[in-house]
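One letter stands for each residue in the lines below.
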Amino acid sequence: MEKREKLYEGKAKIVYATDEPDKVVLYFKDDTTAFDGLKKEQILGKGVINNAISSMIFELLKKRGIPTHYIKKLSDREMLAYKVDIIPVEVVVRNYAAGSFTRRYGVPEGTRLERPLVETFWKNDELHDPLVCAEHIELLKLADLKDVEKMKELALKVNEVLKDFFAARNVILVDFKLEFGKTPDGRLVVADEISPDSCRLWDAETKKKLDKDVFRYDLGSLEEAYKELLKRLEEG
Ligand code: UDP
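Residues numbered from 1 in each chain as written. Predicted model: local features only at pLDDT ≥ 70, side-chain atom pairs only at ≥ 80, totals over all residues. Heavy atoms only, no water.

Participant: Would you mind showing me how to read the nonpolar core here?
Facilitator: The nonpolar side chains of soluble globular proteins are, as a tendency, buried together. In terms of nonpolar packing, the biggest core is built from 53 residues, with Leu-61, Leu-162, Phe-166, Phe-180 and Ile-194 touching the most fellow members. Ranked by the residues each element gives to this core, the list is headed by helix 4 (residues 145–167), at nine residues. In this view, Ile-194 contacts Ile-53, Ser-54, Ile-57, Phe-58, Leu-61, Leu-162, Leu-178 and Cys-199; residues no more than four positions away in its chain are not counted. (Core = buried A, V, L, I, M, F, W, Y, C linked by side-chain atoms within 4.5 Å. Buried < 20%, exposed > 50% of the residue type's maximum accessible area, 1.4 Å probe, protein only. Helix = DSSP H or I, 4+ residues; strand = E, 2+ residues; numbered from the N terminus. Contact = heavy atoms within 4.5 Å.)

Participant: Help me out: how do you make sense of the pattern of salt bridges in this one?
Facilitator: Here the idea is simple: oppositely charged side chains can pair when their charged atoms come close. In the structure shown here, the tally under the stated rule is 31 salt bridges. A salt bridge links Glu-9 to Lys-6; the nearest nitrogen and oxygen atoms lie 2.6 Å apart. Given the relative accessible area of 44%, Lys-6 is considered partly exposed. Its salt-bridge partner being Lys-23, residue Asp-22 comes within 3.8 Å of it at the nearest N-O pair. The class for Asp-22 is partly exposed, based on a relative accessible area of 31%. (Salt bridge = Lys/Arg side-chain N within 4 Å of Asp/Glu carboxyl O.)

Participant: What is the right way to look at the site of the ligand in this model?
Facilitator: As a structural note, the neighbourhood of the ligand is formed by 17 residues, with Arg-94, Ser-100, Asp-175, Arg-200 and Arg-216 the closest of them. Between the ligand and Arg-94, the relevant distance is 2.7 Å, taken from an oxygen atom to a side-chain nitrogen or oxygen of the residue. Arg-200 places a side-chain nitrogen or oxygen 3.0 Å from an oxygen atom of the ligand. Here the ligand, which alone exposes 510 Å², has 80% of that area covered by the protein. Secondary-structure elements contributing two or more residues to the shell around the ligand are strand 9 (89–96), helix 2 (99–105), strand 11 (171–182) and strand 13 (199–203). Looking at the shell around the ligand residue by residue, the class counts come to five nonpolar, three polar and nine charged. (Near = heavy atom within 4 Å. Polar contact = N/O pair within 3.5 Å; in protein donor to acceptor, adjacent residues only side chain to side chain. Areas by Shrake-Rupley, 256 points an atom, 1.4 Å probe, with all protein chains shown as cover. Nonpolar A, V, L, I, M, F, W, Y, C, P; charged D, E, K, R; others polar.)

Participant: So what exactly am I meant to see when it comes to the pairing of strand 5 (residues 39–42) here?
Facilitator: Across four bridges, strand 4 (residues 31–34) lies against strand 5 in antiparallel orientation. Bridge pairing in strand 5 links Thr-33 to Lys-40. Linking strand 4 back to strand 5 in an antiparallel pair, the connection comprises four residues, with Phe-35 at a positive phi of about 55°. (Pairing = 2+ DSSP bridges.)

Participant: Just checking my understanding: could you explain the packing of aromatic side chains for this structure?
Facilitator: Working definition: an aromatic ring pair is given by the centre-to-centre distance plus the angle between the planes. The full count for this structure, using the stated rule, is four aromatic pairs. Ring geometry for Phe-165 against Phe-166: centres 5.3 Å apart, planes inclined by 70°, an arrangement best described as edge-to-face. Classification of Phe-165 as buried rests on a relative accessible area of 11%. Its relative accessible area of 1% is what places Phe-166 among the buried residues. One Lys or Arg, Arg-187, reaches over the ring of Tyr-82 and ends 5.8 Å from the middle of that ring. (Phe/Tyr/Trp six-rings, centres within 6.5 Å; stacked < 30°, edge-to-face > 60°. Lys NZ or Arg CZ within 6 Å of the ring centre and 35° of its normal.)

Participant: Can you help me understand the sheet that holds strand 7 (residues 78–82) in this one?
Facilitator: Strands belonging to one sheet form pairs held by backbone hydrogen bonds; the direction of such a pair is parallel or antiparallel. The strand order 1-2-3-7-6 describes an open sheet built from five strands, whose pairing is antiparallel. The open sheet is flanked by strand 1 (3–9) and strand 6 (70–73), the only strands paired with a single partner. Put simply, the sheet's adjacent strands are angled 30° from each other on average, direction ignored. Two elements, strand 2 (residues 13–18) and strand 3 (residues 23–28), share five bridges in a ladder whose sense is antiparallel. Its bridge partner lying in strand 3, Ile-14 is registered against Tyr-27. Of the strands in this sheet, strand 3, strand 6 and strand 7 are in contact with helix 1 (residues 46–63), which crosses strand 6 at around 130°. (Axes fitted to C-alpha atoms, helices over the stretch in contact; angles between N-to-C directions.)

Participant: What exactly am I supposed to notice about the environment of Glu-135 here?
Facilitator: Structurally, Glu-135 can be placed in helix 3 (residues 134–139). The exposed category is assigned to Glu-135, whose relative accessible area is 60%. With 20 residues separating them along the chain, Glu-135 and Arg-115 place their C-alpha atoms 23 Å apart.

Written as structure tokens, this is what we have:
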């Protein structure tokens, strides 16, 4: 497998073509952004940690029969994945109140939700990723509603797998965001990354934050928080 030209550069990753048309290389950068790119910094080694954590999580999902774009980890910063068309609807699953849910509905941070909540957001930087329901998705022609139903079901399955995985490592999965893609042969798969950039993760005892909120709200060293998380996940 040979890495070829750059296809796309996002805020945290670069996508490269390969000599096989159905596969791409994802390169994890150290760039860290929050608030739609308003806050931006380079955090040394972040890309290495996020590739390690994402790869570990995608391996776990694969074992549990959840379809993903992941093929294998290639190097410290590179992952091989199937090429997909990203569906512009982000799926967020919440187990506890935090972030925009707290801001929007006034429920205090850390409140346990009676059951997991699934929300959908339009992936649109200019409009700051607005919350959308099925009717918006249909009217704005963002995605096929049958696909969105499958995405929500898969997201709840991912939640069950990851909740237990993190709980066994003394970490609470507060919430997370998933992106989905379609392969050229029409398969719907979990895509992008699953890392502390896209999940809220708290120490089960102290409730210390081990995710991007450390960067968003200047709560200390992001590098230290991510390193601690990776260590716990590797120790199992
Ligand atoms: N999230 C993400 N990318 C986004 C928006 C949210 O990865 O563009 C993640 C975020 O890290 C958190 C979850 O999705 O784990 C829910 O985020 P929320 O809606 O609370 O938004 P925020 O408060 O981060 O703006």
